[in-house]
Amino acid sequence: MNSVRVSLGDRSYDVLIGDGLLSKSGAIVKRLNIGRDAVVITNRALWRVYGKTLKRSFNRSGISVKPEFLPDSEKAKSSHTLLKVLNHIAAYDKKRSIFIAALGGGVVGDLAGFASAVYKRGIPYIQIPTTLLAQVDSGIGGKVAIDLPAAKNLAGAFYQPKVVISDIDVLMSLSPRQIRNGLAEIIKYGAIKDKALFAYLEKNYKKAVHLDKRVLAHIIMRSVRIKARLVANDEFDRRGKRIVLNYGHTIGHAIEAASSYSNRYNHGEAIAIGMCAAADIACKLNLLKRDGAERIERLIKKCGLPTRIRGLKFSKIYEAHLHDKKFMQDRNRFVLPLIVGIAGIVEAIPDRVITEAVKKRLFN
Ligand SMILES: NC(=O)c1ccc[n+]([C@@H]2O[C@H](COP(=O)([O-])OP(=O)(O)OC[C@H]3O[C@@H](n4cnc5c(N)ncnc54)[C@H](O)[C@@H]3O)[C@@H](O)[C@H]2O)c1
Ligand SMILES: [Zn+2]
């Protein structure tokens with residue numbers, strides 16, 4: 001088992017990465033002393049596969065388990081579901097010492113974390129991320145949220161878990177598309193902060209795609225280390241350190257929004273295209289050499305991720321990118337790769353450069 005510390009003073013916690021951790025989760029949680037009654041927020045499909053192992057492990061450590069099921073889609077991150085979950089918790093919370101466990105991907109983790117932050121103004125929670133994306137990204141860092149009709153993740157908080165238990169075994173049931181979804185974020189970590197991780201992926205991408213556990217454990221740990229360091233330096237996203245995590249996300253989010261968050265593009269697929277476009281922008285501004293951009297695009301393609309936009313109108317993507325949260329007083333702001341492994345923040349990029357980079361990726 002590997003362990004990465006997220007150092008945040010009295011809010012510090014460990015991210016544990018390894019095989020078979022679900023069956024040890026009871027003992028791990030018991031040591032934290034955060035409660036004796038777990039409300040496990042998850043969905044029915046995940047509970048059918050992993051519920052028994054988790055329950056047995058928790059019960060063996062003297063922790064009771066009450067599952068709370070969410071619908072299995074982004075729609076679960078709604079105010080309606082949140083209130084339902086809070087009411088269920090309130091009904092259950094009689095003479096108990098409860099904490100919340102999020103067993104699932106980013107949808108479950110974001111809603112469960114937010115419910116934990118607001119119930120009684122905050123109760124302890126733990127993350128048991130079950131997607132590759134959640135293990136390397138959403139499960140760590142304490143950004144928790146629900147979506148509002150006006151925008152995704154619009155109501156949220158910074159609320160850190162007490163531990164993150166990332167069991168590599170649970171990734172074995174993910175679809176290839178979900179694996180690629182997470183790989184996109186791992187490519188991002190390599191491109192912005194870790195040239196050795198990037199090179200390792202170039203060598204081992206096939207093994208990663210085919211769920212080689214040793215390779216997965218390595219790339220998850222390298223990614224988590226980067227995220228943990230950035231979070232430790234900028235817990236509340238105010239010091240400009242976490243922003244590099246948005247490489248590929250400005251255009252990526254615009255692609256997701258322009259396709260109305262439909263199944264056409266999942267998050268990883270959208271940011272894969274966004275990373276290629278941002279690399280093109282960096283080349284155009286003479287900040288990145290052409291072979292650097294080609295290297296990034298090559299790895300994205302090898303992992304089976306898209307590099308082109310299909311079936312979307314330029315005007316919709318352009319309109320969506322104007323609403324990006326990273327815009328500062330009307331000046332755009334992009335995270336751009338400077339060389340593979342190092343990124344910079346660039347503001348006020350001429351419109352025509354962005355337009356050209358997006359149009360180059362459009363195929364209808
Ligand atoms: N909080 C953050 O910092 C942060 C960062 C990135 C993304 N997010 C959020 O994360 C969400 C996306 O998360 P996601 O990509 O994990 O998607 P997800 O939670 O929707 O999970 C994807 C699908 O995989 C299924 N699944 C989960 N684990 C599985 C397993 N082990 N085996 C088989 N199927 C499994 C889920 O049931 C779901 O159908 C978005 O809502 C996004 O806003 C949050
Ligand atoms: Zn992302």
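Note that the coordinates shown come from a computational prediction; the quantities given were computed from them, not determined experimentally.

A. Geometry of the coordination of the zinc ion (ligand 2). All of the protein donors around the zinc ion (ligand 2) are E185 (OE), H249 (NE2) and H267 (NE2); their distances to the metal are 1.9 to 2.1 Å. Each donor residue of the zinc ion (ligand 2) belongs to the same chain, and together they define the spacing E-x63-H-x17-H. Of this pair, E185 sits in helix 6 (residues 176-193) while H267 sits in helix 10 (residues 267-284), and the two are 82 residues apart along the sequence. By relative accessible area, which is 0% here, E185 ends up buried.

B. Local environment of the pairing of strand 11 (residues 333-339). Burial of strand 11 is extensive: five of the seven residues sit out of reach of the surface. Where strand 11 and strand 12 (residues 342-347) come together, six bridges link them in antiparallel fashion. Across the sheet, F334 pairs through a bridge with V346, a residue of strand 12. Linking two consecutive strands that pair antiparallel, namely strand 11 and strand 12, is a turn of two residues; a positive phi of about 110° is found at G341 within it.

C. Molecular detail of the site of ligand 1. Ligand 1 sits among 24 residues. The nearest are E74, T130, T131, K143 and S173. At a separation of 2.9 Å, an oxygen atom of ligand 1 approaches a polar side-chain atom of D72. Interatomic distance of 2.8 Å between a backbone N/O atom of V170 and a nitrogen atom of ligand 1. Protein burial of ligand 1: of its 870 Å² of free accessible surface, 82% is covered by the chains. Sorting the residues of the shell around ligand 1 by element identifies helix 2 (44-60), helix 4 (106-118), helix 5 (132-138), strand 8 (151-158) and helix 6 as the ones contributing at least two each. Looking at the shell around ligand 1, its residues break down into six nonpolar, ten polar and eight charged. Split by domain, the shell around ligand 1 shows at least three residues from each of two domains, domain 1 (2-172) and domain 2 (177-363).

D. Representation of the side chain of T81 in the model. Relative to the helices and strands, T81 resides in helix 3 (residues 79-92). Classification of T81 by relative accessible area gives buried; the value is 9%. Side chain to side chain, T81 and S78 meet in a polar contact 2.8 Å long. Other than its neighbours up to four places away in sequence, T81 contacts L70, P71, K75, A76 and L111.

E. Here's a closer look at helix 6. Spanning 18 residues, helix 6 covers 26 Å between terminal C-alpha atoms, matching the ideal 26 Å at 1.5 Å per step. The element helix 6 is largely enclosed, with a buried count of 13 among its 18 residues.

F. Representation of the domain arrangement of the chain. We note that the domain assignment places domain 1 (2-172) and domain 2 (177-363) within the chain. Taken over C-alpha atoms, the centre of domain 1 sits 27 Å from the centre of domain 2. Each partner contributes residues to the interface: domain 1 has 25 residues there, and domain 2 has 27 residues. The contact between domain 1 and domain 2 buries some 2500 Å² in all, and 70% of this surface belongs to carbon and sulfur atoms. On inspection of domain 1 and its partner domain 2, the count reaches four salt bridges. Residue K213 is joined to D169 by a salt bridge in which the shortest nitrogen-to-oxygen separation is 2.6 Å. Put simply, domain 1 and domain 2 have eight residue pairs in polar contact (both at pLDDT 80 or more) between them. Within the residue set of the side of domain 1 that touches domain 2, elements represented by two or more residues are strand 1 (2-6), strand 2 (13-18), helix 5 and strand 8. Considering every element that reaches the side of domain 1 that touches domain 2, the biggest residue donor is helix 5, with five residues. In terms of residue class, the side of domain 1 that touches domain 2 is built from 13 nonpolar, five polar and seven charged.

Rules of the game
- Residues numbered from 1 in each chain as written.
- Chains lettered and ligands numbered in written order.
- Predicted model: local features only at pLDDT ≥ 70, side-chain atom pairs only at ≥ 80, totals over all residues.
- Heavy atoms only, no water.
- Donors = N, O, S within 2.8 Å, 3.2 Å for Na, K, Ca; no water.
- Helix = DSSP H or I, 4+ residues; strand = E, 2+ residues; numbered from the N terminus.
- Buried < 20%, exposed > 50% of the residue type's maximum accessible area, 1.4 Å probe, protein only.
- Pairing = 2+ DSSP bridges.
- Near = heavy atom within 4 Å.
- Polar contact = N/O pair within 3.5 Å; in protein donor to acceptor, adjacent residues only side chain to side chain.
- Areas by Shrake-Rupley, 256 points an atom, 1.4 Å probe, with all protein chains shown as cover.
- Nonpolar A, V, L, I, M, F, W, Y, C, P; charged D, E, K, R; others polar.
- Domains from an automatic or database assignment.
- Contact = heavy atoms within 4.5 Å.
- Expected span 1.5 Å × (residues − 1).
- Buried area = accessible area lost by both parts, 1.4 Å probe.
- Salt bridge = Lys/Arg side-chain N within 4 Å of Asp/Glu carboxyl O.

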